[in-house]
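Chain by chain, the residues:
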Amino acid sequence: MAVCIAVIAKENYPLYIRSVPTQNELKFHYTVHTSLDVVEEKISAAGKAMADQRELYLGLLYPTEDYKVYGYVTNSKVKFVIVVDSSNTSLRDNEIRSMFRKLHNSFTDVMCNPFYNPGDPVQSKVFEGMVSGMMVQVS
């Protein structure tokens, strides 16, 4: 499962970042921040090729020695980044897609809340619970 999940606004500032274990939080912030360059490259390349605009899943952004970073972008240009431990070889591409779909649906529910101001950090307990279910359980 995921070791870090991030939601990044259209203007590239974080709306939500959660990582496990918390002592590596700064490292994951850096990893998510550097992945935004790859996300922008993939979005601009897809725009030039006029690919299917409904394809929101960007796939593997880049692997590192310890982690694999996956990306997803919504129609409103909000970006989701999931960092997975490289040692987890049982996680397939369709499982990553399903994680992004669940994340997108839950984020849509947050956006539909009349008390949420778009652009504010996400502080929904339901969203937090869904993300917790997708994270690696560290004992």
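This is a predicted model, so every value here is computed, not measured. (Residues numbered from 1 in each chain as written. Predicted model: local features only at pLDDT ≥ 70, side-chain atom pairs only at ≥ 80, totals over all residues. Heavy atoms only, no water.)

Caption draft 1: The arrangement of the packing of aromatic side chains in detail. All told, the structure shown has 7 aromatic pairs when counted by the stated rule. Seen from their ring centres, Phe28 and Tyr67 are 5.1 Å apart, and the 65 degrees between their planes marks the pair as edge-to-face. Taken together, the residues Phe28 in helix H1 (residues 25–49) and Tyr67 in strand S4 (residues 67–73) connect sequence positions 39 residues apart. The pair Phe28 / Tyr67 is uniform in exposure class, with both members buried. An aromatic cluster is built from Tyr16, Tyr57, Tyr72, Phe80, Phe100, Phe107 and Phe127, whose rings are joined through pairwise contacts. (Phe/Tyr/Trp six-rings, centres within 6.5 Å; stacked < 30°, edge-to-face > 60°. Helix = DSSP H or I, 4+ residues; strand = E, 2+ residues; numbered from the N terminus. Buried < 20%, exposed > 50% of the residue type's maximum accessible area, 1.4 Å probe, protein only.)

Caption draft 2: Geometry of helix H3 (residues 125–134). Within H3 the residues assigned to the buried category are Phe127, Met130, Val131 and Met134. The arc that holds the buried residues of H3, viewed along the axis, is 100 degrees, so those residues lie on one side. Structural note: H3 exposes Lys125 and Gly133 on the side pointing more than 90 degrees away from its buried face. Close packing links the buried residues of H3 with strand S1 (2–8), strand S2 (14–19), strand S5 (79–85) and helix H2 (93–111). (Arc of directions from axis to C-beta. Contact = heavy atoms within 4.5 Å.)

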